[in-house]
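The lines below spell out each chain.
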Amino acid sequence: MPENGKPYVTALYPEQDDQAADSLGRAFINDPTFKAIIPDLTDPVERAKHLADLFRGMLAIERRSGQPVFGVIDDNGRVVAAAMTEGVGHPGALGMVTTGLGQMPRMMRAIGLGGLWRGLNLVSVLAANHPKEPHLYLQVLGCDPPFQGKGYGKALVDHLALEAKARPEIAGVYLETMTEANVAFYSSRGYEIVGELYPIGVRTWRMYQRKR
């Protein structure tokens with residue numbers, strides 16, 4: 001929740017994952033990537049529900065692999081923004097399947113067999129194009145639409161920069177975005193475009209914030 005008028009970023013515990021998944025599902029309701037993953041699901045409300053279930057599965061995999069999840073909590077104690085992050089080890093599609101085998105039925109129900117296949121293909125392409133030097137990875141960042149524009153996303157991005165700064169072996173923070181408007185947002189936080197990809201037909205900007 002806000003502290004002195006500024007969003008306060010905190011580690012999220014597993015019991016908060018349902019709230020985080022619901023917020024992320026609504027945050028990515030119009031994201032080009034998820035529209036490509038589940039193209040047949042055109043109703044926004046239904047898409048948000050299915051995406052929330054997908055994010056529940058993704059969060060469960062993050063927990064199983066020991067990766068940190070951060071968030072911002074509103075005055076009512078609910079998670080309204082969340083960031084899924086990874087350390088130096090990035091498992092890729094095969095590692096994701098191996099670690100998250102128990103979540104595959106849930107994810108298949110959420111996005112269907114075709115969506116799961118497209119999602120794994122996306123993960124495989126993205127994982128193969130990470131920077132070679134040790135870095136932190138911002139896998140997912142989203143804010144519930146009613147809370148957007150309050151600086152919650154900036155707070156999460158800046159928090160991850162501090163996480164990288166605390167570790168001398170880390171060269172920076174890396175991410176991908178498939179939304180053009182986000183390029184300006186991340187650029188304003190010190191990220192630079194280092195390339196583009198077109199996995200599953202979606203233009204994807206690769207961005208890197210090197211430590212100063």
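Owing to the predicted nature of the structure, the values given are computational and were not obtained by experimental measurement.

Caption draft 1: The arrangement of unusual backbone geometry in detail. Despite not being glycine, I200 has its phi angle at roughly 45 degrees, a positive value. Positionally, I200 belongs in the loop between strand 6 (192-197) and strand 7 (204-210).

Caption draft 2: Quick look at the side chain of H135. Take H135: it is sitting in the loop between helix 5 (104-127) and strand 4 (136-143). There is a polar contact of 2.9 Å between the side chain of H135 and the side chain of H130. Engagement of the side chain of H135 in a polar contact is seen with the backbone oxygen of E133, the distance being 2.8 Å.

Caption draft 3: Local environment of helix 1 (residues 17-27). When helix 1 is considered as a whole, its buried residues turn out to be D17, A20, A21, S23, L24 and G25. Against the buried residues of helix 1 lie helix 3 (44-64), strand 3 (79-86) and strand 4.

Caption draft 4: Spatial organisation of the packing of aromatic side chains. Counted according to the given criterion, the structure contains eight aromatic pairs. On the numbers, 5.4 Å between centres and 75 degrees between planes, the contact of F28 with F34 is edge-to-face. Taken as a pair, F28 and F34 share a single burial class, namely buried. Aromatic pair F28 and F55: ring centres 5.6 Å apart, planes at 45 degrees, arrangement tilted. Taken together, the positions of F28 in the loop between helix 1 and helix 2 (32-37) and F55 in helix 3 put the pair 27 residues apart, joining distant regions of the chain. Overall, F28 belongs to the buried group, its relative accessible area being 14%. According to the relative accessible area criterion, F55 is buried, its value standing at 0%. Through pairs of rings, three or more aromatic residues link up here, namely F28, F34 and F55.

Caption draft 5: Fine view of the nonpolar core. L54 and F55 are the most contacted members of the largest nonpolar core, which has 34 residues in total. Elements that contribute at least two residues to this core include exactly helix 1, helix 2, helix 3, strand 2 (69-73), strand 3, helix 5 and strand 4. Per-element tally for this core: the top contributor is helix 5, with eight residues. Discounting residues that sit within four places of it in the chain, L54 has contacts with F34, M107, A110 and I111.

Caption draft 6: Layout of the side chain of D144. In this fold, D144 is placed in the loop between strand 4 and helix 6 (152-165). Here D144 is in contact with S23, R26, A27 and V80, once residues within four sequence places are set aside.

Caption draft 7: Layout of the sheet that holds strand 4. Here seven strands make up an open sheet; going across it, the order is 1-2-3-4-5-7-6 and the pairing mixed. One side of each edge strand has no neighbouring strand; the edge strands of this open sheet are strand 1 (9-11) and strand 6. Put simply, the sheet's adjacent strands are angled 30 degrees from each other on average, direction ignored. As paired elements, strand 4 and strand 5 (residues 172-177) share three bridges and run parallel to each other. Each bridged residue has a counterpart across the sheet, and for L136 the counterpart in strand 5 is V173.

Caption draft 8: Here's a closer look at the pattern of salt bridges. Overall, the coordinates contain eleven salt bridges when judged by the stated rule. For D158, the salt bridge identified is with R189, shortest N-O distance 2.5 Å. Residue D158 is located in helix 6, and its partner R189 is located in the loop between helix 7 (180-187) and strand 6; the two are separated by 31 residues in the primary sequence. A relative accessible area of 29% means that D158 is categorised as partly exposed. Salt bridges linked by common partners bring D18, D22, D53 and R56 together as one network.

Caption draft 9: Spotlight on the packing of helix 3 against helix 5. Between helix 3 and helix 5, the shortest axis-to-axis distance is 8 Å and the interhelical angle comes to 160 degrees. One way to sum up the angle between helix 3 and helix 5 is to call them roughly antiparallel. Our pair here, helix 3 against helix 5, has a crossing hand that is left-handed. In contact with H50, D53, L54, R56, G57, M58 and I61 of helix 3, helix 5 contributes M104, R106, M107, R109, A110 and I111. Here the residues of the contact of helix 3 with helix 5 sort into seven nonpolar, two polar and four charged.

Conventions used here
Residues numbered from 1 in each chain as written. Predicted model: local features only at pLDDT ≥ 70, side-chain atom pairs only at ≥ 80, totals over all residues. Heavy atoms only, no water. Helix = DSSP H or I, 4+ residues; strand = E, 2+ residues; numbered from the N terminus. Polar contact = N/O pair within 3.5 Å; in protein donor to acceptor, adjacent residues only side chain to side chain. Buried < 20%, exposed > 50% of the residue type's maximum accessible area, 1.4 Å probe, protein only. Contact = heavy atoms within 4.5 Å. Phe/Tyr/Trp six-rings, centres within 6.5 Å; stacked < 30°, edge-to-face > 60°. Core = buried A, V, L, I, M, F, W, Y, C linked by side-chain atoms within 4.5 Å. Pairing = 2+ DSSP bridges. Axes fitted to C-alpha atoms, helices over the stretch in contact; angles between N-to-C directions. Salt bridge = Lys/Arg side-chain N within 4 Å of Asp/Glu carboxyl O. Parallel < 35°, antiparallel > 145°, perpendicular 65-115°, else oblique. Left-handed = near helix turned anticlockwise from the far one by under 90°. Nonpolar A, V, L, I, M, F, W, Y, C, P; charged D, E, K, R; others polar.

This is a description of form; function is not addressed.
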